Amino acid sequence: MKFIDMHCDSLMQLFFQDKEKADLFSSAATSVDFKRMKEGDQLAQFFAVFLPPVEGYKMMGIEPVPDDVYIQALHDALMKNLEQYPETIALAKNAADIKANLAAGKMSAVLTMEDGRAVDGKMEKIKEFYDMGFRALSLTWNAHNCFGAPNSKDSVIMQEGLTDFGKEAIVYMQELGMLVDVSHLSDGGFYDVAKICKKPFVATHSNARALCPHQRNLTDDMIKILGNAGGATGINFGPEFLNEDITCKDSTAALMAKHARHIADVGGIDCVGIGSDFDGIMGNLEISDCSKLAVLESALVKEGFSGDEIEKIFYKNVLRVMEDAMK
Ligand SMILES: [Zn+2]
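A brief structural summary. Source: prediction; values computed, not measured. (Residues numbered from 1 in each chain as written. Predicted model: local features only at pLDDT ≥ 70, side-chain atom pairs only at ≥ 80, totals over all residues.)

### Some points on helix H10 (residues 220–228)
- Of the residues making up H10, those classed as buried are Met222, Ile223, Ile225, Leu226 and Gly227.
- Close packing links the buried residues of H10 with helix H9 (187–196), strand E7 (202–203), strand E8 (232–235) and helix H11 (253–267).
- Positioned one or two residues after H10, glycine 230 has a phi angle of 80°, which is positive. (Buried ≥ 20, exposed ≤ 12 C-beta atoms within 10 Å, placed from the backbone. Helix = DSSP H or I, 4+ residues; strand = E, 2+ residues; numbered from the N terminus. Contact = placed C-beta atoms within 7 Å.)

Here you go:
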């Protein structure tokens, strides 16, 4: 079945591990590439430009580069790859593009950014990124930035809301047609987004906190609000976001289906999507790359979802949110 994946970190992996070649058609360095996307019958992949913390560069043995340089490099790497395989895949800036690409026999790539720190408190940077083709922005990663506070085990930080700039910026993002992504945001930030946003928003890669207590996951209250707002959350394949014991390293399709069931029960079937987090997660992954989503489809059947419901989870819900909030 066709599917849309709202989050992967494959561009970062490419940059860190395979920078010279940077071939996204068939890459040993990533869990997502065009060849396996096609094998998996993928409709669209959101390719995130994730801004690594300084420690991330150090871990990879790479000298940190300024965010703007890094963003341009990853943007260019994706565009170069899309130009090389024009029959296979093309950029999509909205739902209409995805449909047009599909009609032309092509898959779609959606460019997104993870961590609004590069916006640096300047509204014009948001427009600049929009003009480069970015169509979703995770407001924070795991540190404070100009938008607000991150998810945190510290309850004071977790309750912090958006900054004044963050509040203004999300209004502007929705006017432009850029998805507001609350994955990684503090709980306080989530509630500000829910209060301020006039259009649906997303959690591109977050699960249910009731089933897995990681502070990155959404509480039932948040899932209800997200569903009522017409938004969606993408089921994350990372073991630490799936298991009741967050130290467990096993990621199974059965666990993903349980999160999908819980989220559908709490927020409605229309708010469940997929956000694999491929190339940003580690562990024993039953679904280890983008060609294997049929395993999730079977697990969802076992969990009692109908064919129509699985279609919603696999791509229809995200396509609807894109129609409502992405231009
Ligand atoms: Zn993430």
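### Some words on the nonpolar core
- Among the nonpolar cores identified, the biggest contains 102 residues, and Ile4, Leu11, Phe47, Met256, Ala260 and Val272 are the most heavily contacted of them.
- Take this core: its biggest share by element is nine residues, from helix H13 (residues 307–325).
- In this view, methionine 256 contacts Ile235, Phe237, Leu242, Leu296 and Ala299; residues no more than four positions away in its chain are not counted. (Core = buried A, V, L, I, M, F, W, Y, C linked by C-beta atoms within 7 Å.)

### A word on the pairing of strand E2 (residues 42–50)
- Within E2, nine of the nine residues are buried, leaving the element largely enclosed by the surrounding structure.
- Direction of pairing for E2 relative to strand E4 (residues 107–114): parallel, over a ladder of seven bridges. Looking at E4, one finds that valine 49 is bridged to methionine 113. (Pairing = 2+ DSSP bridges.)

### Overview of the packing of helix H8 (residues 164–176) against H9
- Between H8 and H9, whose axes approach to 10 Å, the crossing angle comes to 45°. The orientation of H8 with respect to H9, classified from their angle, is oblique. The two elements H8 and H9 meet at a crossing, and its hand is right-handed. Seen from H8, the contacting residues are Lys167, Ile170 and Val171; seen from H9, they are Asp192, Val193 and Ile196. (Axes fitted to C-alpha atoms, helices over the stretch in contact; angles between N-to-C directions. Parallel < 35°, antiparallel > 145°, perpendicular 65-115°, else oblique. Left-handed = near helix turned anticlockwise from the far one by under 90°.)

### Here's the deal with the packing of H10 against H11
- Close contact between H10 and H11 brings their axes to 8 Å; oriented N to C, the two are set at 65°. Once H10 is placed against H11, the crossing between them reads as right-handed. Where H10 abuts H11, its residues Asp220, Ile223, Lys224, Leu226 and Gly227 lie against Ile263, Val266 and Gly267.
- The class makeup of the residues in the contact of H10 with H11 is four nonpolar, two polar and two charged. (Nonpolar A, V, L, I, M, F, W, Y, C, P; charged D, E, K, R; others polar.)

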